[in-house]
Amino acid sequence: NQNCSFCFASKEMSSKVIQREMPLSNFKKVLGKLRSDSSISVIKLLGGEPTLHSQFPEIIDASLKHFLYVQVFTNGIFSDSLALFLETKLHKIGFTFNVMTPGFLFSKETRKLVSERILSFIHKTKVTLSFTFDMHSNMEMVFDAITEDIISGVDSFRLGFSNPTAGEKNYYTFNDFPKVGKKLFDIVSRIREYNKKAKIHLNCGFTRCMFTTEEFEFLQKEHVTITGFGCFGKDASFDLQTDLTAFHCFPLSQKDKVITQRRSFSHVNNDLIKKRFTYWGNIIQSVCRTCPVYGIGKDKCP
């Protein structure tokens, strides 16, 4: 409901073939498979905008029936009735609010609504602010739109990079990466002006070559969590579409799908890992091969 330019699922949103909603029956099948994995305790709900699902309360209830906690990734633009429902579950629900949507930045009414949602939850459960930016993002405007009580009160910040995609037309390249690193340095500095304690973590897509030595040391000093460089920046191994087909990452969602029905998720994951390494082998660029951190493993970038 915001049509964000940086939406990683934009192809799914515009597709005439892919179902807009995952049927509740499919969602319950996913929960059934996940229940067999004792290491999983959190269900993460993403979209598009997950709160638009016509059976969103049922999805929440089904998740909490078998799992300890649900994390909702949302733009905060949902009805008062849904807000009241979520209020009754706050001890088991956390929120990641995207505050870089067109509505939040350019509409006073939308910004007021979302800010009220955040402030109503901020002292009752874990709240994260999500920034997805690139080298052209006007972060001054973003920080001007967010009140100090929100920045100082949230538990964590999720910083995402609107990556160029291999094999597609992009408006910036590796030569522009240092500009992204400088912007990230400025964002972290601004956050720390108002919130010294919040966790700051980077989503996937960041690379070591974005940062100077001084910038990287600064991120370490400020305890910014970097799960991994490049495609190792997140724990999840694959995403599921509404029809239960799986893919490694949204840039590959239309290219390389795997059927999950009547198969364990571990087998699906193994198939996608093989496809992933084949894909990387085909697109790797010479600028990466000569990089001192190029490779697979801790602190390496693929």
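Calculation notes
Residues numbered from 1 in each chain as written. Predicted model: local features only at pLDDT ≥ 70, side-chain atom pairs only at ≥ 80, totals over all residues. Heavy atoms only, no water. Helix = DSSP H or I, 4+ residues; strand = E, 2+ residues; numbered from the N terminus. Rg over C-alpha atoms; globule rule 2.2 N^0.38 Å. Contact = heavy atoms within 4.5 Å. Areas by Shrake-Rupley, 256 points an atom, 1.4 Å probe, with all protein chains shown as cover. Lys, Arg positive; Asp, Glu negative; His and termini not counted. Charge placed at Lys NZ, Arg CZ, Asp CG, Glu CD. Axes fitted to C-alpha atoms, helices over the stretch in contact; angles between N-to-C directions. Left-handed = near helix turned anticlockwise from the far one by under 90°. Nonpolar A, V, L, I, M, F, W, Y, C, P; charged D, E, K, R; others polar. Pairing = 2+ DSSP bridges. Phe/Tyr/Trp six-rings, centres within 6.5 Å; stacked < 30°, edge-to-face > 60°. Buried < 20%, exposed > 50% of the residue type's maximum accessible area, 1.4 Å probe, protein only. Lys NZ or Arg CZ within 6 Å of the ring centre and 35° of its normal.

Overview of the overall build of the protein chain
- Within the protein chain, the secondary structure is distributed over 12 helices and 10 strands.
- The C-alpha atoms of the protein chain give 19 Å as radius of gyration, which agrees with the globular expectation for 302 residues (19 Å, within 12%).
- A separation of at least 24 residues holds for 69% of the contacts in the protein chain among residues at least 6 apart in sequence.
- Here the protein chain displays about 16,100 Å² of accessible surface, and carbon together with sulfur accounts for 54% of that area.
- Taken together, the 40 basic and 30 acidic charged side chains of the protein chain have centroids lying 6 Å from each other.

Notes on the packing of helix 9 (residues 177-194) against helix 10 (residues 213-221)
- At a minimum axis distance of 10 Å, the contact between helix 9 and helix 10 shows a crossing angle of 35 degrees. The chirality of how helix 9 crosses helix 10 is left-handed. Between helix 9 and helix 10, the contacting residues are G181, K182, L184, F185, V188 and S189 on the first element and E215, F218 and L219 on the second.
- Counted by class, the contact of helix 9 with helix 10 contains 5 nonpolar, 2 polar and 2 charged residues.

Digging into the sheet that holds strand 8 (residues 239-240)
- Ordered in space as 8-9-10, the 3 strands form an open sheet in which the pairing is antiparallel. The open sheet has two free edges, formed respectively by strand 8 and strand 10 (258-259), since each of these has just one partner strand.
- Bridging between strand 9 (residues 245-247) and strand 10 involves 2 bridges; their strand directions are antiparallel. Counterpart to T245 in the pairing with strand 10 is I259.

What to know about the packing of aromatic side chains
- Under the defined criterion, the tally for this structure stands at 13 aromatic pairs.
- Ring plane angle 35 degrees and centroid distance 5.7 Å describe the contact between F161 and F206, whose orientation is recorded as tilted. One end of the pair, F161, is in strand 5 (residues 156-161); the other, F206, is in the loop between strand 6 (199-202) and helix 10, and 45 residues separate them in sequence. Accessibility assignment for this pair places F161 and F206 in one class, buried.
- For the pair F174 and F177, a centre-to-centre distance of 4.9 Å together with 55 degrees between the ring planes defines the contact as tilted.
- A residue is classified by how much of its surface remains accessible, and F177, at 5% relative accessible area, is buried.
- Through successive ring pairs, a cluster of aromatic residues spans F133, F161, F174, F177 and F206.
- The cationic tip of R208 hangs over the ring face of F216; the distance from NZ or CZ to the ring centre is 4.3 Å.

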